[in-house]
Structure formats: structure tokens, C-alpha cells
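# Chain and residue survey
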Amino acid sequence: MNELPQQLVNGLLLGSMYGLVAIGYTMVYGIVQLINFAHGEIFMTGAFGALSVYLWVLPDGTTMWVALPLMLIGAILVSVIVAVGAERLAYRPLRGGPRLAPLITAIGLSLALQQAVWAWYPEAKSARTFPQIDGGPFHIGSVTIQTGDIFLIAAAPVSMAVLAYFVMKTRTGRGMQATAQDPDTAKLMGVNTDRIIVIAFALGATFAAVGGVAYGLKYGQIEYKMGFILGLKAFTAAVLGGIGNIYGAMIGGVVLGVAETLATAYIADIPGMDKFGSQSWADVWAFVLLILVLLFRPQGLLGERVADRA
């Protein structure tokens, strides 16, 4: 029990990363009813975009305090280009077709992006070291926080607040709400729904890119396969919170991260459960939680919203 505060903080950090990616899932689903399974790979390409800026654009010896903003810009540019390209070339031609077609396309696109990075990025076949911020760790009582974690702690709530403000208070955000509620009527009212959908993909990719940089800072390395499982976890977080709900996606991510961390840390202490507490079981407990929520509250913790996505 002495380790409980540290485990709770670890769960909060992990959940914040899930939430950053989950709000991108929930943005796209809320507007076009598409489960974009390639979103995890958009997260991954953002991380490699940031690393590319550090390795190939910035001069040697650049400090991370100077490099990090430029790496974020590079990550966002790469992720947005990939996401908007996917919407324009892969998803838009299937809009209005059978609902299964874009879902299968998303899975195929996910595998294609993995293999593209594996084939074209130098040494992507193995984990690549990600640059770290100097300083730390920081100690608050019995809790230790690494320097890279501070970026994640700040990025997650700021991203959620910015997105919620954008959806609720801006003209484009109101257009998103109208498109989500009834795209045909929105068109009649003068809303350019194609533009709205592109913006939704771009916004989701932006927050996925921030999550990719946070992942690299937290774990110190990235790899071409990292988006697949984390993307599934982010989708799980979106469903837990109520898919289509911005706050729900972040809360679902935090709940999932804390539950996964506590299960991994403590379930082995239960008599007869010693085999089920290793890190390899973390993914299992995450999806067990999803099944329980779907059984007892299928609309998610905060419930799905249709017209008001915030």
C-alpha cells in the first residue's frame, strides 16, 4: 500500500496518453460515424515525424527546450498530412457506401502505414531512441515524476480544454455539431460538410501527434508497431467514456490507465491470482474492463452525445 500513490500517478499518466489519442477517435466517430482503426498509426507517424525533425532538421547540440516545440510542429504536420490524405483518398470515396467498407479500409490502412514506416524509415525495424528532456526526476512525497511525464501531464488537460472550447464556442465547432446531428440538413443550411470532416480528421491527428511526442518522452523510444495496441486502448477509452463525448474520452482513458496499472501491480497479491498480475496481462485486464462496461453501461460512463460532442 505504500506504493499506491505512485501507482495511481503511473495510471494517471498512462491514462492521459490513452485520452490524448482517444479524443481523436471520438472526434471522427462523432461526425462521420467511422471507427478509424488507422488512428493508432497516425499517432505513430507523428512520433516519427518529431524524431525526424530532431535528427535531420535541427543542428547537432540543440537543447530539448528549443527542439521540443519544433518537434511538436513536425509531428503535427506529418500526422495531419497522413490523416487528411487518408480521409481524401481512402474514406471519402466510400462515404455513403456499405458501413463495413470504410471499417475494412481503416484496418488495411493501419497495416499499410506500419509497413510504410518499416520499409522507408532508417532502422525502423528496431526501436528508435527518442531524445529526452534533461533534468529530474522530481519527487513529491513518495511519488516520483520523470521530466518527460510533465509534458504529458500538461498536454492532456490542455488538449481536452482547447478541443472542447473549439467545438462549443467557434463557428466551425458549431458546424461540426450540426454535421454530427444531421449532415443533410447541415448542407441545406450552408455548412460545407466535406470541409468539416477534413477539419475533424486534422484535429484528431493533431492530438494524436501530441500523444506520440508524449509517448517518446515518457518511454524513451518509439517503434513502427507502437500505434496498434495503443490505438486499440484509445478506442477502448473512447467507448468507456461514451464515444462521441470529448470529456468522456479523456475520463475513459484515465479510468482505463488507472485500472490497468492497479491490476498489474496488485492482482498478483490476491490468493490464486499470482499468474495474472504480470505486465503481459495488462492488455487483458484493459479489455475485461471494457467488456464489463459494455455489459452494464453500454453507452459509456458519460453516455454518447449526438449533437453536442463536448
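Here's a quick rundown of the structure. Source: prediction; values computed, not measured.

## A few points about the overall build of the chain
The helix and strand tally for the chain stands at 11 helices and 4 strands. In summary, the chain has a C-alpha radius of gyration of 19 Å against a globular reference of 19 Å for 310 residues, a match within 12%. Among the 310 residues that make up the chain, the fraction classed as buried is 51%. Considering the chain, the positive charge centre built from 18 side chains and the negative charge centre built from 17 side chains are found 11 Å apart.

## Observations regarding unusual backbone geometry
Where the residue is not glycine, phi is negative for most of them; where a peptide bond is considered, it is trans in most cases. Of note, the phi angle at glutamine 33 is positive, near 55°, even though the residue is not glycine. Its location among the elements puts glutamine 33 in the loop between helix 1 (4-32) and helix 2 (39-57).

## A few points about the packing of helix 1 against helix 9 (residues 226-241)
Interhelical geometry of helix 1 versus helix 9 gives an angle of 75° and a closest axis separation of 8 Å. Judged on the interaxial angle alone, helix 9 and helix 1 are roughly perpendicular. Along its contact with helix 1, which presents Met17, Tyr18, Val21, Ala22 and Tyr25, the element helix 9 presents Leu230, Gly231, Lys233, Ala234, Phe235, Ala237 and Ala238. Its residues assigned to classes, the contact of helix 1 with helix 9 shows 10 nonpolar, 1 polar and 1 charged.

## Some remarks on the packing of aromatic side chains
Overall, the coordinates contain 5 aromatic pairs when judged by the stated rule. Here tyrosine 25 and phenylalanine 235 contribute two aromatic rings whose centre-to-centre distance is 5.7 Å and whose plane-to-plane angle is 55°, an arrangement assigned as tilted. Of this pair, tyrosine 25 sits in helix 1 while phenylalanine 235 sits in helix 9; the two residues are 210 residues apart in sequence, bridging distant segments of the chain. Their ring planes at 65° and their centres at 5.5 Å tell us that phenylalanine 37 and phenylalanine 235 sit as a pair that is edge-to-face. Here phenylalanine 37 is found in the loop between helix 1 and helix 2, whereas its partner phenylalanine 235 is found in helix 9, with 198 residues between them in sequence.

## Thoughts on the pattern of salt bridges
All told, the structure shown has 6 salt bridges when counted by the stated rule. Here arginine 92 ties to glutamate 87 by a salt bridge, and the two come within 3.1 Å at their closest N and O atoms. Given the relative accessible area of 23%, arginine 92 is considered partly exposed. What makes glutamate 87 buried here is its relative accessible area of 1%. In this structure, aspartate 194 and arginine 95 form a salt bridge, with 2.6 Å as the shortest nitrogen-oxygen distance. Residue aspartate 194 is located in helix 8 (residues 193-219), and its partner arginine 95 is located in the loop between helix 3 (64-91) and helix 4 (100-120); the two are separated by 99 residues in the primary sequence. Classification of arginine 95 by relative accessible area gives partly exposed; the value is 36%. When salt bridges with common partners are traced through the structure, they connect Glu87, Arg92, Arg95 and Asp194 into a single cluster.

## What about the side chain of histidine 39?
Mapped onto the fold, histidine 39 is located in helix 2. Discounting residues that sit within four places of it in the chain, histidine 39 has contacts with Val21, Gly24, Tyr25, Gly204, Ala205 and Ala208.

## Describing the packing of helix 2 against helix 3
It is at 7 Å that the axes of helix 2 and helix 3 come closest, and there the two elements cross at 140°. Comparing their axes, helix 3 and helix 2 come out oblique. In this structure, the crossing between helix 2 and helix 3 has a hand that is right-handed. Together, Ile42, Thr45, Gly46, Gly49, Ala50, Val53 and Tyr54 of helix 2 and Met64, Ala67, Leu70, Met71, Gly74, Ala75, Val78, Ser79, Val82 and Ala83 of helix 3 make up the contact between the two elements.

## Some points on a nonpolar patch on the surface
A cluster of nonpolar residues, Val284, Val288, Ile291, Leu292, Leu295 and Phe296, forms a patch on the protein surface that exposes about 590 Å² of accessible area. For leucine 295, the position within the fold is in helix 11 (residues 282-296).

## Some words on the side chain of glutamate 87
Examined against the element boundaries, glutamate 87 turns out to sit in helix 3. Discounting chain neighbours no more than four positions away, the residues touching glutamate 87 are Arg92, Pro93, Arg95, Ile197, Val198 and Phe201.

Rules of the game
- Per chain, residues are indexed from 1 in the order of the written sequence.
- Whole-chain, interface and lining totals are the exception, using all residues; otherwise, since this is a predicted model, local features are given only for residues with pLDDT of at least 70 and side-chain atom pairs are given and counted only at 80 or more.
- The side-chain numbers reported here are obtained from all heavy atoms of the structure, hydrogens and water having been left aside.
- A helix here means a DSSP run of H or I that spans at least four residues, while a strand means a run of E at least two residues long, and both kinds are numbered starting from the N terminus.
- For this measure, only C-alpha atoms enter the radius of gyration; the expected value for a globule follows 2.2 Å times N^0.38, where N is the number of residues.
- Only protein chains enter the accessibility calculation, which uses a 1.4 Å probe; a residue is then buried when its area is under 20% of its type maximum, exposed when over 50%, and partly exposed in between.
- Under this rule, positive means Lys or Arg and negative means Asp or Glu; His and the chain ends count for nothing.
- Each charge is placed at NZ for Lys, CZ for Arg, CG for Asp and CD for Glu.
- Every angle, taken between N-to-C directions, lies between 0 and 180 degrees, and every axis is a line fitted to C-alpha atoms, over only the stretch in contact when it is a helix.
- Orientation is classified from the angle alone, with under 35 degrees giving roughly parallel, over 145 giving roughly antiparallel, 65 to 115 giving roughly perpendicular, and any other angle giving oblique.
- The contact rule is simple, with two residues in contact once any of their heavy atoms fall within 4.5 Å.
- We call Asp, Glu, Lys and Arg charged. Ala, Val, Leu, Ile, Met, Phe, Trp, Tyr, Cys and Pro are nonpolar, and the rest, Gly among them, are polar.
- Note on aromatic contacts: the rings of Phe and Tyr and the six-membered ring of Trp form a pair at centre separations within 6.5 Å, being stacked when their planes are under 30 degrees apart, edge-to-face when over 60 apart, and tilted otherwise.
- Note on definitions: salt bridges are taken to be side-chain nitrogens of Lys or Arg within 4 Å of carboxyl oxygens of Asp or Glu.
- By convention the crossing between two helices is left-handed if the near helix lies anticlockwise of the far one by an angle smaller than a right angle, and right-handed if it lies clockwise.
- Surface patches are defined over residues having more than 30% relative accessible area and no salt bridge, joining like charges when they lie within 9 Å and nonpolar side chains (Val, Leu, Ile, Met, Phe, Trp, Tyr) when within 5 Å.
- In this description, accessible areas are obtained by the Shrake-Rupley approach with a 1.4 Å probe, and a residue is regarded as covered only by the protein chains that are shown.

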